[in-house]
Amino acid sequence: MAFLPIAIGRPRTQARLSYLALSSIYRSFATTIASHSSQFRRSDFTSQPFTGSYEPGGPTSGPLGNASALGVPSLTPKVLKQHLDNFVVGQERAKKVLSVAVYNHYQRIQEAQRIEDEEHKLLQQQLRREMAEGHPLEDDFPGHQQAIPLHPPSSGLGAPPIQDNSPLTLEKANILLLGPSGVGKTLMAKTLARVLSVPFSMSDCTPFTQAGYIGEDAEICVSRLLAAANYDVAAAERGIICLDEIDKISTAKVSHGKDVGGEGVQQALLKIIEGTTLQIQAKQEKSARGPGAPPSGYPTNSPLSGGMMGGPSSTSSGSGNTSSGPSKSETYNVRTDNILFICAGAFVGLQKMVMNRIAKGSIGFGSPIRTSSSSSSSAAGNRDTTISVKTGSEESKMYEKHLPFFTTQTPDQAPLTEYNPLDLVEPADLQTYGLIPELVGRIPVSAALSALDEESLVRVLTEPRNSLMRQYEQLFQLSGVELRFTRGALREVAKSAMDMGTGARGLRTVCERLLTETMFEAPGSSIKYVLITETVAQRKTAPIYLARGSRHRFQSLIAAEDEEWDARMNKNRKRNDDGEGGMGSFQEYREKSTAVGGV
């Protein structure tokens, strides 16, 4: 009986040892799995600010905390200027100013859209919070005040300070483009508007009159923008309006009556440019017919009309008008706060005012410099919009002193520097010209464009993406004819266009006069190649026509003409190496202006 307790306790000890052995084996197995699955422990991250949850509405922490919510912009001012270089020749300063202004306008639109989305999100969160914290009896007793306020007012003395939680507002900067006709003012605005895919409209300020008088009201520019946006108010409020010929509404001295086309129009444009809400009445097109109107076409033999006078469109419109145009009684409320206004004008005579202001008393006995008067020919005024002065001279320092922007000085700078007097325009000059101070203050950015010289006109003919030479070559190619201009012919075309004084628009006039007879003879004939040489551009000989199979002769004629022209230009360049340069002083500029006709 003495061995019984020992016999009973031995199985318990064995069972305990077996349990401890199994526990140690499980622990070592679990540790091995954990070490293979991850080399980190949860305790290693207790002091780190990162968590395993993500809140979409909360601020982003880490290295991207200060990054823009919109990401890297796809359009930059440099990209916009590079795009303008494909369409506009020269005008580097104006391209930079316009690219920056349009880019900032694009950024303002994006920021306003982001703020609007954030406010909408916060409003939705507030509504959900009020629904969750609301009392069940609030539905039965609406407007009942809570017995215990959740947020009791502070017991401080005095009225609490006024808090304004409105977001930061980015104001727009309207632009004023100054320069003679045909230098690319409206072309740059159209090109940038096409890149941004925003509605764009152009309005001529010449027919604008004050409200209540015969003519167009100033609000018609916003109405055209709304029509360009297909009557989408949200898209129209982010568009661009170009007011061309704004110098034509300058204040005029009227002997009797009221100036309804000058200062009255400027007063009407004040609120529109600064920002207001306009009620635009949608007007139906006069040419639009009703759904049941009969077709008005008659049988014809035209290949473009499909057998009817009005074409296929007349038949379809007669069967039923399915256009979604606005009704006659529909009214739209358009805000102009975010609409960018680009004002352009030639401002003939403003150059004279600027020169009189900055150069008064700089020559002789206090005599101011006189530019060509406004009564002189516009062609002479367009050719003399730039002044060449000696680099480092007193005249050059005076110009640099009045320039509104910084210019870099390079060691290898040319001995003559060209300046555009319109770059020195100040608001006082615009007021002297006839613009009211309120309108001048609403257009803070200005950029001057220079007249195109002969070299620039040659580049306009060949370099842009839709250059005039490419257009005529494509036009002749449609008839199976190959058209080529020699380098000498391009120079002669540019010279003839400069004599017209209409800028780049004169190039098409010269080309039309030169190619009218060829465009009449070539289609449907045996002519395959047309060559325009220098003598042809001078209207001394007829264009050279070649038939099919004469491509080798065509190429040889082009090469011979270009070689002859290059040799002649090199000879003239060597002869003029030590020749006369440009104007080096204000006195020479005054003498030239006097010879042109200014006093």
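Please refer to the structure placed before this passage.
Keep in mind that this is a model prediction, so the values were computed, not measured.

A.B. asks: Any chance you could explain the packing of aromatic side chains here in plain terms?
C.D. replies: For any pair of aromatic rings, the description rests on two quantities: the centre-to-centre distance and the angle between the ring planes. Using the criterion set out here, one finds three aromatic pairs in the structure. Considering the side-chain rings of Tyr-231 and Tyr-332, the 5.5 Å spacing of their centres and the 35° angle between planes classify their relative orientation as tilted. Placement of Tyr-231 in the loop between α5 (220–228) and α6 (233–236) and of Tyr-332 in strand β5 (residues 331–335) is noted, with a sequence separation of 101 residues between them. Assessed through its relative accessible area of 23%, Tyr-231 is described here as partly exposed. Judged by its relative accessible area of 12%, Tyr-332 falls in the buried class. Sitting above the plane of the Phe-87 ring, Arg-194 keeps its charged end 5.5 Å from the centroid.

A.B. asks: Help me understand the packing of helix α16 (residues 487–500) against helix α19 (residues 551–575) in this model?
C.D. replies: Relative orientation and spacing of two packed helices are given, respectively, by the angle between their axes and the distance between those axes. Two numbers describe how α16 lies on α19: the axes approach to 8 Å, and their chain directions differ by 65°. Contacts between α16 and α19 involve Arg-487, Gly-488 and Arg-491 on the former and, on the latter, Asp-562, Trp-565 and Asp-566. The class makeup of the residues in the contact of α16 with α19 is one nonpolar, one polar and four charged.

A.B. asks: Looking at this structure, I do not really get the sheet that holds strand β12 (residues 544–547). What am I missing?
C.D. replies: Consider a sheet: its strands pair through backbone hydrogen bonds, and that pairing is either parallel or antiparallel. One open sheet holds the three strands; their spatial order is β10-β11-β12, and the pairing between them is mixed. Where the open sheet ends on each side, the last strands, each with one partner, are β10 (482–485) and β12. With direction set aside, neighbouring strand axes in the sheet form an average angle of 20°. One ladder, built from four bridges, connects β10 with strand β11 (residues 527–532); its direction is parallel. Bridge pairing links Arg-484 to Leu-531 in β11. Running over the sheet, helix α17 (residues 505–521) touches β10, β11 and β12 and is turned about 175° from β11.

A.B. asks: What is the right way to read the layout of surface pockets from this model?
C.D. replies: Here the idea is plain: a probe the size of a water molecule rolls over the atoms and shows the empty space left. The volume enclosed by the second largest pocket comes to roughly 800 Å³. Around the second largest pocket, the lining is made up of 24 residues, and of these Arg-108, Ala-112, Arg-335, Asp-337 and Asn-338 lie nearest the centre. Within the residue set of the lining of the second largest pocket, elements represented by two or more residues are α3 (92–133) and α7 (263–274). No other element matches α3, which puts seven residues into the lining of the second largest pocket. Residue composition of the lining of the second largest pocket, by class: nine nonpolar, four polar and eleven charged.

Thresholds applied
Residues numbered from 1 in each chain as written. Predicted model: local features only at pLDDT ≥ 70, side-chain atom pairs only at ≥ 80, totals over all residues. Heavy atoms only, no water. Phe/Tyr/Trp six-rings, centres within 6.5 Å; stacked < 30°, edge-to-face > 60°. Helix = DSSP H or I, 4+ residues; strand = E, 2+ residues; numbered from the N terminus. Buried < 20%, exposed > 50% of the residue type's maximum accessible area, 1.4 Å probe, protein only. Lys NZ or Arg CZ within 6 Å of the ring centre and 35° of its normal. Axes fitted to C-alpha atoms, helices over the stretch in contact; angles between N-to-C directions. Contact = heavy atoms within 4.5 Å. Nonpolar A, V, L, I, M, F, W, Y, C, P; charged D, E, K, R; others polar. Pairing = 2+ DSSP bridges. 1 Å grid on protein atoms, 1.4 Å probe; cavity = no way out; pocket = protein on both sides within 12 Å on 5 of 7 lines; lining within 4 Å. Points joined across faces, edges and corners; volume = space filled by probe spheres on them.

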